[in-house]
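For reference, the chains in residue letters:
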Amino acid sequence: MAERDAMEMAEYKWPEPERRRLIGKRISRVDGPEKVTGRAKYTYDVNRPGMLAGKILRCPYAHARIARLDTSAVEKMPGVQAVLPLKKVGDEILWAGDEVVAVAAVDEPTAEDAIRAIVVEYEKLPHFVLDTDPKAAGERARPAAEQVEGDPDAAFREAEVVAEGLYGMSLITHCCLEAHGAVVEWEGENNVLVHISTQAVSGIAGQMAGPLGVPAGNIRVKQEHIGGGFGSKFGPDSWGIAAARLSKMAGGRPVKIMLERDAELMVAGARPSYYGRVRVGAKRDGTVIAWESETWGTGGIPPTSPLPVPYVLRIPNQRKRHIAIVTNSGPARAWRAPLHPQACLLTMAALDDLAAALRMDPLDLLLKNIELAGERADVYREELQIAAELMEWKKRWHPRGDPSPGPIKRGLGVSIHTWPGRGHACRCDLTIHPDGSVEVKLGSQDLGTGTRTAIAIVVADTLGIPLEAVRVRIGDTQYPPAGGSGGSTTIGGVSSAARRAALDALDQLFARIAPLLNASPDQLEAWDGRIRVKGDPSRSIAWEHACARLDGMPLTVRGENPGPGELTTAGAAGVQMADVSVDIETGIVRINKMVAVQDCGLIINMKTAESQCYGAMIMGISYALYEEKIMDPVTGRMLNPNMEFYKLAGLADIGELVVHMMTGEKYDRRGVIGLGEPPVISPGAAISNAVANAIGVRVPFLPLTPERVLEALAKKGGSHARV
Amino acid sequence: MEKQHSRAGSLSRRDFLKVSGITLTVPLVIGPRVLKVAGAEVKVFGPGRVPMTFTINGKTYRAELEPRVTLLDALRNEFELTGAKRVCDRGTCGACTVLLDGKPVYACSVLAIEAQGRAITTVEGLMQNGKLHPIQQAFIENDALQCGFCTPGFVVACKALLDRNPNPTPEDLVAGLGGNLCRCGTYVGIRAAIAQAARMQRGG
């Protein structure tokens, strides 16, 4: 029996390349037709019978205490169905935009009128929103314990070249195009139906049960499509709970609260700012031996954690200090690859400045020290070489400071990154119906990464049937629970669970069909819409006919991750290069070209994998050049909670983008690794390095606005010649 | 239905659009009143609900709406045409793009009452005889979408661009689609999709 188990376990693996008709190919996403025709329904699009519009009154002050709160006039307003104070007199408010009162009314205009009629008086308290200088933060600065590895003092004495620099990136927001929000209704006293824009369909009920006082099993959560999350949509949020409470107060009528755009940008998520002063020391030949950093930054009230620096390269001797700055800037949330873009910039920019001090090509410096990347060193080496070819790096790179005449200076930059991305815990039910159709059900979600399509590809390829024969149903707590989509864990989780379910289902089907084909079950295989005897394709039965033998009873099999066989692992590696032009008269930075070379183990769908890299580079260009949650020190408010002044990159801003995905046996054998986050890590560093290469001086902070570029040029002095 | 309209606090965008630069106090009535404003006769509707008729994707739709309701909210809330999205809600991002008499407009910045008598085309109206429009097909094949929230606006903006310029240069693309924003970063796919759709349309 033990021997048989071992044999079965050995079968849980990905198919060999010649057995993949869909896996790894360029497959159009299965929900494309719904999305391009406007039929796809998002939470924002849910219109329920008798639905009320919920709105929230928000505090205009960054730090205040509620002195008076009077909702009596609003409660009598025609059309207003429920009024729910979310704060009480005496409560302290710690950021502008925090929720004070929620109302539900017959329609949005009426709810807006109601919000304006609420009377609140605040006692204003001192606020603080500045994050770029820890010395100015006073008692708002919270130092963390110093971390030391090796002997940094001795290493810096030994170093022949030491570079020192200041780097960082500002607060930015998630700016999901579909705002956060939910539509909640009660069915009787004890059952709740929740439509919510979320990255964690299976995780919402458990978070709402306590606040609502009903068992999690009585809360049904649904979501067909989500309009962006990027790490900011894992909980029901105070407004989701408020929608549920308002609904109960209104006799169970559905209440819809979707955040207004200003609230979305002020309170529904921000990426913490991080800044740092870094010293890095090397031998004359470029061997990096010493790292010292003092970092600081803010994520609002909860203190920021120390950064994982030095990033990717484990420099043997290190000293690191971190100071969390506690501000009234509003709540931070996980933002696509938390801490990595910041750690990447601080490390890759410091190494780039070290290369300049060594008068070395930064690509050569990275290659010289690549063994410090540990297990993935060979992957980085291969990727750096491919990226260099795609960028024509060796032909086009010049030392710091473009020597060409005229105001437009051109430069190249490089960066490397990593991310774990092992598949999460996930269950799915796979049903083969007697008519030959196949259904897969799981409480997962497709953030636009192509999760539905990936599941369909895995199941169809395993069962040897066309993609169209598989229907994937996700986004409902009535399906088996699946992990939240964070940490790039979804593709590994859902593809592994689906593969196991499909293999097990196939085993059961083979057991039924084997006698018909005069074969034993282990002699059968599924291929090209038929079940056939291996090595004797003349003995076969069409898929539909085989399924008809199920005697009218659908065959349902549960697949799980983790499970037998290593179908998903961790540790994606990637390289990016940027080619920029900088106008030294206006300070405007333009992207000419970017190259992304990325590994993510076995690729399920090449088309959507490439899209992740293109999209991540564009998001990276956006945060490198344009995005900043600008906090006003006078009022403590965000100055740009809208899409005119919170700038996202547009079609005109991206230049030429090149993606190369690593493929082949060496990558396939690591199984599926997540890809949502890794390629968004390097753009900031690669672009910052390219700008330094172009203009001969480091612009310390992202976004690289014209103002910051001109300020760096002014500090450098009149000459723009090479360093 | 009677409603009170508080004038306390700041002027909302809807209020601003509603009064269109003139401030009036008007009783709750259905149907227009005629007022003299700067010597001209001006029909004044609302603030109560007014019967309105629209031509959307070739079909007639009727609703009673307050004059302050935008075309976007009318489409989404009254007619279940939720393809056009509300994102910035102030004419920046293009997610609500629809065609008015063939020209692209931000539906969040057009009052429903003013869209009467004009041909309104939404993303739901682009399919012909159950077949995807070549632009829609090209969006799918070139993976010009991820979360898909901006996609209806982009598809409609692409149609408007190709209708007036069947052979757009890269510069034309930037101008024609510069009013639409995507957060997932699908611009590479969109560039390829519009090139393919243009080729398909030229090929007939």
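Everything quoted here is computed from the prediction, not taken from an experiment. (Residues numbered from 1 in each chain as written. Chains lettered and ligands numbered in written order. Predicted model: local features only at pLDDT ≥ 70, side-chain atom pairs only at ≥ 80, totals over all residues. Heavy atoms only, no water.)

1. Looking at the sheet that holds strand β21 (residues 438-441) of chain A
Hydrogen bonds between backbone atoms are what pair the strands of a sheet, whose relative direction is either parallel or antiparallel.
All names here are of chain A.
Logical step 1: Within the open sheet, the four strands sit side by side as β22-β21-β20-β26. Their pairing is mixed. On the outer flanks of this sheet lie β22 (470-473) and β26 (555-561), each paired with one strand and no other. Ignoring strand direction, the axes of neighbouring strands in this sheet form an average angle of 20 degrees.
Logical step 2: Relative to β22, β21 runs parallel, the two sharing four bridges. Note on β22: the bridge partner recorded for V438 is V470.
Logical step 3: The sheet strands contacting helix α13 (residues 451-463) are β20 (426-432), β21 and β22, and the helix crosses β22 at an angle near 145 degrees.
Logical step 4: Contacts between helix α14 (residues 490-513) and the sheet are confined to β20 and β26, with β26 contributing the most and set at about 145 degrees to the helix. (Pairing = 2+ DSSP bridges. Helix = DSSP H or I, 4+ residues; strand = E, 2+ residues; numbered from the N terminus. Axes fitted to C-alpha atoms, helices over the stretch in contact; angles between N-to-C directions. Contact = heavy atoms within 4.5 Å.)

2. A word on the packing of aromatic side chains
Logical step 1: If you walk through the whole model with that rule in mind, you get nine aromatic pairs over all chains.
Logical step 2: Through successive ring pairs, a cluster of aromatic residues spans A:Y42, A:Y44 and B:F149.
Logical step 3: The residue whose ring lies beneath A:R271 is A:W335, and the NZ or CZ to ring-centre distance is 4.6 Å.
Logical step 4: For A:R271, the ring lying beneath its charged end belongs to A:Y623, and the centroid distance is 4.3 Å. (Phe/Tyr/Trp six-rings, centres within 6.5 Å; stacked < 30°, edge-to-face > 60°. Lys NZ or Arg CZ within 6 Å of the ring centre and 35° of its normal.)

3. Some thoughts on the sheet that holds strand β12 (residues 191-196) of chain A
Residue and element names in this part refer to chain A.
Logical step 1: Taken in spatial order, the seven strands make up an open sheet running β3-β5-β1-β14-β11-β12-β13, and their pairing is mixed. Sheet topology places β3 (80-85) and β13 (219-222) at the edges, where each strand pairs with a single neighbour. For this sheet, the mean angle separating the axes of adjacent strands, direction not counted, is 20 degrees.
Logical step 2: Note that strand β11 (residues 181-187) and strand β14 (residues 255-258) share four bridges and pair antiparallel. Directly across from A182, in β14, lies its bridge partner I257.
Logical step 3: In the packing of helix α4 (residues 108-117) onto the sheet, contacts are made with β1 (52-58), β3 and β5 (99-105), and the angle to β1 comes to roughly 25 degrees.

4. Describing the domain arrangement of chain A
All names here are of chain A.
Logical step 1: Here the domain parsing of chain A yields domain 1 (2-40 + 423-561), domain 2 (43-126 + 180-258) and domain 3 (270-421 + 569-716).
Logical step 2: For domain 1 and domain 2, the distance between their C-alpha centres works out to 40 Å.
Logical step 3: With 21 residues of domain 1 in contact, the opposing surface of domain 2 contributes 15 residues.
Logical step 4: The junction of domain 1 with domain 2 conceals about 1400 Å² of combined surface from both sides, 46% of it contributed by carbon and sulfur atoms.
Logical step 5: Where domain 1 packs against domain 2, one counts two salt bridges.
Logical step 6: Of the charged contacts, one joins R452 and E224 as a salt bridge, the two residues approaching to 3.6 Å between their closest N and O atoms.
Logical step 7: The interface formed by domain 1 and domain 2 includes eleven residue pairs in polar contact (both at pLDDT 80 or more). (Domains from an automatic or database assignment. Buried area = accessible area lost by both parts, 1.4 Å probe. Salt bridge = Lys/Arg side-chain N within 4 Å of Asp/Glu carboxyl O. Polar contact = N/O pair within 3.5 Å; in protein donor to acceptor, adjacent residues only side chain to side chain.)

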